[in-house]
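The residues making up each chain are set out below.
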Amino acid sequence: MKPSTLHLGILGYPIQHSISPVLHQYLLQKLNLQGCYHLFEVKENDLQDAFRGLQILGFHGCNVTIPHKQTIITFLDQVEPEAEIIGAVNTVLFKNRRSWGFNTDVEGFRRSLKLHNLPLAGKKALVIGAGGAARSVVYALIKEQIGHVCLVNRTLAKARQLVEEFSEKLNFPDMTYELFEEQNIKLLLPEVDLIVNTTSVGMWPQVDLSPVKIDLDLENKVVMDLVYNPVKTKFLNLAAAHGAQIIDGLEMLIFQGVKSLEIWTERKIPVDDLFEKLKNRLIQKLQNHEPN
Ligand code: ATR
């Protein structure tokens, strides 16, 4: 392998439908960087071997996705403080024979909100789900001075754990949690300014599912779905039909990818000029179910 070429990739399972290769190949090409971004389907038991393999073969870095974002931490030499608090790493840099873990989902979520100039200070957010993605979202919201976060999750104990952990580690007491049930959501919806779905409900091929049934006016509310396949989920369509401002999951995906590339290349990547074209490229890829 040529050392001047950036050797990158993503480890996950299942991974065939990931559009990260399209995202990164596009960025590498537009930035005139020589590099390749590979897709590696790796099961839980093979993660350590696969990870060491990339390091030994001279990869510059990799992304890590479901279900490895937590497990990977045990194999890393160093984890940046933000990722440590969140408990999830999605980006690894190999440098000086050491491996460094980062969480770029936080930056991805933050920049996606910034793109829409949303003032978050003092506002109320409802976060659906309590997994790895929810942890990054809640962390980012707290850093953006959100006033209150209410978490709903199918498994109540996981929501409780997140709330207890974050209120202590981040000294943020304004969090509550409930069971993810229609009745609870119905009571919460009128109270909140921002609603974020971090679960996989509504993801292709289950495109007719929405995590929440909406039957009230959502004007002046912002609804965000981290699911990006399809880009306009049933949840987002319902929310828009009830007057909400909607934000799709592709934006967060793009910004987390840009941040990963910034870490690997150790340079700032100006993305404003290519954002729309890149987003359209990804939409086209998703619509056509093109191979990676
Ligand atoms: P990620 O890293 O994408 O967050 P994860 O850590 O596996 O993935 O978390 C998935 C989240 O989606 C969890 O909150 C999960 O709820 P549980 O904690 O009860 O498992 C939620 N989730 C996934 N499928 C769901 C479904 N069909 N209905 C409700 N919640 C679901």
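Residues numbered from 1 in each chain as written. Predicted model: local features only at pLDDT ≥ 70, side-chain atom pairs only at ≥ 80, totals over all residues. Heavy atoms only, no water.

Asks: Give me the site of the ligand: which residues, what numbers.
Replies: Surveying the vicinity of the ligand reveals 14 residues, the closest of which are Ala-130, Asn-153, Arg-154, Thr-155 and Lys-158. For the ligand, the cavity whose grid points lie within 2 Å of the majority of its atoms is the largest pocket. Class assignment of the residues belonging to the shell around the ligand gives a composition of five nonpolar, seven polar and two charged. (Near = heavy atom within 4 Å. 1 Å grid on protein atoms, 1.4 Å probe; cavity = no way out; pocket = protein on both sides within 12 Å on 5 of 7 lines; lining within 4 Å. Sits in = over half its atoms within 2 Å of the grid points. Nonpolar A, V, L, I, M, F, W, Y, C, P; charged D, E, K, R; others polar.)

Asks: Just give me the short version of the side chain of Thr-233, but keep the residues and values in it.
Replies: Its location among the elements puts Thr-233 in the loop between strand 11 (222-225) and helix 8 (234-241). Leaving out residues up to four positions away in the same chain, Thr-233 has contacts with Gly-202, Asp-225 and Val-227. (Helix = DSSP H or I, 4+ residues; strand = E, 2+ residues; numbered from the N terminus. Contact = heavy atoms within 4.5 Å.)

Asks: Break down the pattern of salt bridges for me, with residues and values.
Replies: Oppositely charged side chains can pair when the atoms bearing their charge come close. Scanning all chains against the criterion turns up 12 salt bridges. Residue Lys-114 is joined to Glu-144 by a salt bridge in which the shortest nitrogen-to-oxygen separation is 3.4 Å. On the criterion of sequence distance, the pair formed by Lys-114 in helix 4 (residues 105-115) and Glu-144 in the loop between helix 5 (132-143) and strand 8 (148-153) is long-range, its members being 30 residues apart. Across the pair Glu-191 and Lys-124 runs a salt bridge whose closest N-O atoms are separated by 3.8 Å. Of the two residues, Glu-191 sits in the loop between helix 7 (182-188) and strand 10 (194-197) while Lys-124 sits in strand 7 (residues 124-128), which places them 67 residues apart along the sequence. Its relative accessible area of 49% is what places Glu-191 among the partly exposed residues. A single salt-bridge network, built from bridges that share partners, covers Arg-110, Lys-114 and Glu-144. (Salt bridge = Lys/Arg side-chain N within 4 Å of Asp/Glu carboxyl O. Buried < 20%, exposed > 50% of the residue type's maximum accessible area, 1.4 Å probe, protein only.)

Asks: I'd like a description of helix 8, backed by residues and values.
Replies: Those residues of helix 8 lying buried are Phe-235, Leu-236 and Ala-239. The arc enclosing the buried residues of helix 8, seen along the axis, measures out at 95 degrees, which places them on a common side. Against strand 7, strand 10, strand 11 and strand 12 (245-247) lie the buried residues of helix 8. Immediately beyond the C-terminal end of helix 8, within one or two residues, lies Gly-243, with a positive phi of roughly 95 degrees. (Arc of directions from axis to C-beta.)

Asks: Any details on the packing of aromatic side chains? Residues and values, ideally.
Replies: Describing an aromatic ring pair means giving the distance of the ring centres and the angle of the ring planes. Per the counting criterion, the structure on display carries four aromatic pairs. Measuring from centroid to centroid gives 5.4 Å for Phe-51 and Phe-94, while their planes differ by 45 degrees, and the two rings are tilted. Taken together, the positions of Phe-51 in helix 2 (residues 47-57) and Phe-94 in strand 5 (residues 91-95) put the pair 43 residues apart, joining distant regions of the chain. A relative accessible area of 10% means that Phe-94 is categorised as buried. Summarising the aromatic geometry, the rings of Phe-255 and Phe-275 are spaced 5.1 Å apart at their centres and angled 15 degrees between planes, so their arrangement reads as stacked. With Phe-255 in helix 9 (residues 249-265) and Phe-275 in helix 10 (residues 275-288), this pair connects stretches of sequence that are 20 residues apart. Lying across the ring of Trp-100, Arg-98 places its NZ or CZ 5.9 Å from the centre. (Phe/Tyr/Trp six-rings, centres within 6.5 Å; stacked < 30°, edge-to-face > 60°. Lys NZ or Arg CZ within 6 Å of the ring centre and 35° of its normal.)

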